Amino acid sequence: MMKLYIKTWCPWCIDAVNWLQSRGYHFEKIDVLADRAAYDRMTQISGQRLTPTLEIASGDVLPDFDTRQLEKFLKAHNIQP
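Since the structure is predicted, the reported quantities are computational estimates derived from the model, not experimental observations.

Observations concerning the sheet that holds strand 3 (residues 53-55)
Here we have four strands laid out as an open sheet, ordered 2-1-3-4, and mixed in their pairing. Across the chains shown, the open sheet's two edge strands, defined by having one partner strand only, are strand 2 (27-31) and strand 4 (61-63). For this sheet the average axis-to-axis angle between neighbouring strands, irrespective of direction, equals 15°. Judged from the three bridges that link them, strand 3 and strand 4 form a sheet pairing that is antiparallel. The residue bridging threonine 53 from the neighbouring strand is proline 63, located in strand 4. The strands that helix 1 (residues 11-22) touches are strand 1 (2-6) and strand 2; relative to strand 1, the one it contacts most, it runs at about 155°. Across the sheet, helix 3 (residues 67-76) touches strand 1, strand 3 and strand 4, and the angle it forms with strand 4 is around 170°.

Comments concerning helix 2 (residues 36-46)
Along helix 2, the residues that are buried comprise Ala38, Tyr39, Met42 and Ser46. In a view along the axis of helix 2, the buried residues occupy a sector of 105°, so they form one face of it. Exposed residues pointing more than 90 degrees away from the buried face of helix 2 are listed as Arg36, Ala37 and Gln44. In this structure, the buried residues of helix 2 make contact with strand 1, strand 2, strand 3 and strand 4. Its side-chain oxygen 3.1 Å from the backbone nitrogen of alanine 37, aspartate 35 forms the N-cap of helix 2. Remark: glycine 47 follows helix 2 within two positions and exhibits a positive phi of approximately 75°.

Describing the pairing of strand 1
Within strand 1, four of the five residues are buried, leaving the element largely enclosed by the surrounding structure. In this region the chain leaves strand 1, passes through helix 1 and returns to the parallel neighbour strand 2; the handedness of that crossover is right-handed. Relative to strand 3, strand 1 runs antiparallel, the two sharing three bridges. Note on strand 3: the bridge partner recorded for leucine 4 is leucine 54.

Quick notes on the rules
- Residues numbered from 1 in each chain as written.
- Predicted model: local features only at pLDDT ≥ 70, side-chain atom pairs only at ≥ 80, totals over all residues.
- Heavy atoms only, no water.
- Pairing = 2+ DSSP bridges.
- Helix = DSSP H or I, 4+ residues; strand = E, 2+ residues; numbered from the N terminus.
- Axes fitted to C-alpha atoms, helices over the stretch in contact; angles between N-to-C directions.
- Contact = heavy atoms within 4.5 Å.
- Buried < 20%, exposed > 50% of the residue type's maximum accessible area, 1.4 Å probe, protein only.
- Arc of directions from axis to C-beta.
- Polar contact = N/O pair within 3.5 Å; in protein donor to acceptor, adjacent residues only side chain to side chain.
- Right-handed = clockwise from strand over helix to strand, strands pointing away.

Listed below in structure tokens is the structure:
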């Protein structure tokens, strides 16, 4: 399962959610502003505070990305919907 750390007002987060949903990916959406422990986890695994941040099952992390970077990351990790 992929975990997508977001801030609900973040335009890049909205783009990432829409991109993943429109392509049929399954993921857990985590609002880091509503969950301090999730925010702490995101900063720990990514070394930064920006969203969106994606964590995949292997433990690899894609921090602070746009949809082009997201698509490239998923292809590189052979993740399909």
